[in-house]
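So you can see what is in the structure, the chains are spelled out below.
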Amino acid sequence: MFKAVIFDIGGVVLQSPFTAIAQYENKLGLPAHYINCSITGRGRNGAWQRFERGELELFDFYKAFGHDLSDSSNGNIWYKEYCERRGFPCPELPQKLDIDGRELFGAMMQATKHYEPYMRSAIWRLRAAGKYRIIALTNNFAKIDVPAEERDFLGWNQGTIPDHLRALFDDFCDSSVYGLRKPEPEFYLLACKRNGIKPSEAIFLDDIGLNLKAAKALGMETILVVIGKTLEAVKELEKKVGLDLTSPALDSRL
């Protein structure tokens, strides 16, 4: 039934940048998910979205990202809407914010330096089975020119996509390279076209519900990867592909 398994990177194959955002919110005394609401509330034209499409250089992004997130007027509106959708009372919100875009982005990137071991092992086993195309579909920054002095700060000494990460996949679709990003349907369709599959022939794993919703609308099978519950997601994938992906690994690479 399936010919490919498509993986998001941060929060799925690598550890989640959301942990760094949560820590930053806590540091500033902001309610949980306030920054996430501010990022998504800007839609296509936010600094984050433009950066992932390769439309901003790094230092321009730092400035624009900080400016976007310091906009407490709109941030409060978006967070109140979030509370209403979730059905819980809105806490006290900030009247003024001064968020350092570089500091936050650096923390987010440092948080994604390490693999989720269950997911990496699952990818190795899928590759060994030889039955599926293994594809990365990620909102990422490969096109960005990173000055040498910033690479250590961001944890990018081996590049935005290290060779050992790229080598896990048959194809690596990066948003900044193609000027498209999830949840834009065209990005998913591009990955399918590049790999000679139909959306209905793919299983897609992501940690963001909106990205999964877009994939499902195209006909993909989807799996939500929850922070701290990667093993559960791999077990769900295991059932869909009919392969052992979770028994104690004998692979010395773990």
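Everything that follows concerns the structure shown earlier in this document.
Okay, so let's go over this structure. Keep in mind it's a predicted model, so treat the numbers as computed, not measured.

Analysis parameters
- All residue numbers refer to position in the chain's written sequence, counted from 1.
- Owing to the predicted nature of the model, reporting of local features is limited to residues with pLDDT of at least 70; listing and counting of side-chain atom pairs is limited to 80 or more, with chain, interface and lining totals taken over all residues.
- Values shown for side chains rest on all heavy atoms present in the structure; no hydrogens or waters enter the calculation.
- Side-chain atoms within 4.5 Å link the members of a nonpolar core, which is a set of buried Ala, Val, Leu, Ile, Met, Phe, Trp, Tyr and Cys residues.
- Burial here depends on accessible area, computed with a 1.4 Å probe over protein chains only, as a share of the maximum for the residue type. Under 20% is buried, over 50% is exposed, and the range in between is partly exposed.
- A helix here means a DSSP run of H or I that spans at least four residues, while a strand means a run of E at least two residues long, and both kinds are numbered starting from the N terminus.
- Residues are treated as being in contact if the distance between any of their heavy atoms lies within 4.5 Å.
- Whenever Lys or Arg places a side-chain nitrogen within 4 Å of a carboxyl oxygen from Asp or Glu, that contact is recorded as a salt bridge.
- In this analysis an axis means a line fitted to C-alpha atoms, helices contributing only their contacting stretch, and an angle means the value between N-to-C directions, from 0 to 180 degrees.
- Any angle that falls under 35 degrees is termed roughly parallel, while one over 145 is termed roughly antiparallel, one within 65 to 115 roughly perpendicular, and all others oblique.
- Throughout, a crossing is termed right-handed when the near helix is turned clockwise from the far one, and left-handed when it is turned anticlockwise from it by less than a right angle.
- Throughout, the ten residues Ala, Val, Leu, Ile, Met, Phe, Trp, Tyr, Cys and Pro are labelled nonpolar, Asp, Glu, Lys and Arg are labelled charged, and all others, Gly among them, are labelled polar.
- Definition of a polar contact: a pair of N or O atoms within 3.5 Å, with one able to donate and the other able to accept a hydrogen when the atoms are protein atoms, and with sequence-neighbouring residues admitted only if both atoms are side-chain atoms.
- Throughout, the arc means that of the directions going from the helix axis to the C-beta atoms.

### Details of the nonpolar core
Ile35, Phe61, Phe65, Leu104 and Phe105 are the most contacted members of the largest nonpolar core, which totals 33 residues. Elements represented by at least two residues in this core include exactly helix H1 (18-28), helix H2 (34-41), helix H3 (47-52), helix H4 (58-69), helix H5 (72-86) and helix H6 (101-111). In contact with Leu104, not counting residues within four places along its chain, are Ile21, Tyr24, Ile35, Phe65, Leu69 and Ile99. In this structure, Met119, Ala136, Leu168 and Leu205 belong to the second largest nonpolar core, which totals 31 residues.

### Brief notes about the pattern of salt bridges
Applying the stated criterion across every chain yields a total of 14 salt bridges. Residues Lys182 and Asp8 are paired through a salt bridge, measuring 2.8 Å at the closest nitrogen-oxygen approach. Here Lys182, found in the loop between helix H10 (175-178) and helix H11 (185-194), pairs with Asp8, found in the loop between strand S1 (4-7) and H1; they are 174 residues apart in sequence, far enough to count as distant. Among the ionic pairs, Glu184 bridges to Arg44, the shortest N-O distance being 2.4 Å. On the criterion of sequence distance, the pair formed by Glu184 in the loop between H10 and H11 and Arg44 in the loop between H2 and H3 is long-range, its members being 140 residues apart. The buried category is assigned to Glu184, whose relative accessible area is 12%.

### Brief notes about the packing of helix H7 (residues 117-129) against helix H13 (residues 230-241)
It is the contact of H7 with H13, at a shortest axis distance of 9 Å, that shows an interaxial angle of 20°. With respect to their mutual orientation, H7 and H13 come out roughly parallel. Note that H7 runs across H13; the crossing there is right-handed. Between H7, through Tyr118, Met119, Ala122 and Leu126, and H13, the contact on the second element is made entirely by Thr230, Leu231, Val234, Leu237 and Val241. When the residues that make up the contact of H7 with H13 are grouped by side-chain class, the tally is 8 nonpolar, 1 polar and no charged.

### Considering H6
An α-helical turn contains 3.6 residues, so any two residues separated by three or four positions project in the same direction. Looking at H6, one finds that the buried residues are Gly101, Leu104, Phe105, Gly106, Met108, Met109 and Ala111. The N-cap of H6, judged by a side-chain oxygen 3.0 Å from the amide nitrogen of Arg102 a few residues on, is Asp100.

### Some points on the packing of H4 against H6
Contact geometry for H4 and H6: axes closest at 7 Å, N-to-C directions at 105°. By the angle class used here, H4 and H6 are roughly perpendicular. Of the residues in H6, those in contact with Leu58, Phe61, Tyr62, Phe65, Gly66 and Leu69 of H4 are Gly101, Arg102, Leu104 and Phe105. When its residues are assigned to classes, the contact of H4 with H6 shows 7 nonpolar, 2 polar and 1 charged.

### Brief notes about the environment of Leu97
Turning to its location among the elements, Leu97 is positioned in the loop between H5 and H6. Separated by 31 residues in the primary sequence, Leu97 and Gly66 place their C-alpha atoms 9.6 Å from one another.

### Here we look at the environment of Ile35
The residue Ile35 is located in helix H2 in this model. Along the backbone, Ile35 and Glu57 are 22 residues apart, and their C-alpha atoms lie at a distance of 22 Å.

### With respect to H1
Restricting attention to buried positions, one finds in H1 the residues Ala20, Ile21, Tyr24 and Glu25. One face of H1 carries all of its buried residues, which in axial projection span an arc of 140°. H1 presents Gln23 and Asn26 as exposed residues on the side facing more than 90 degrees away from its buried surface. Immediately beyond the C-terminal end of H1, within one or two residues, lies Gly29, with a positive phi of roughly 75°.

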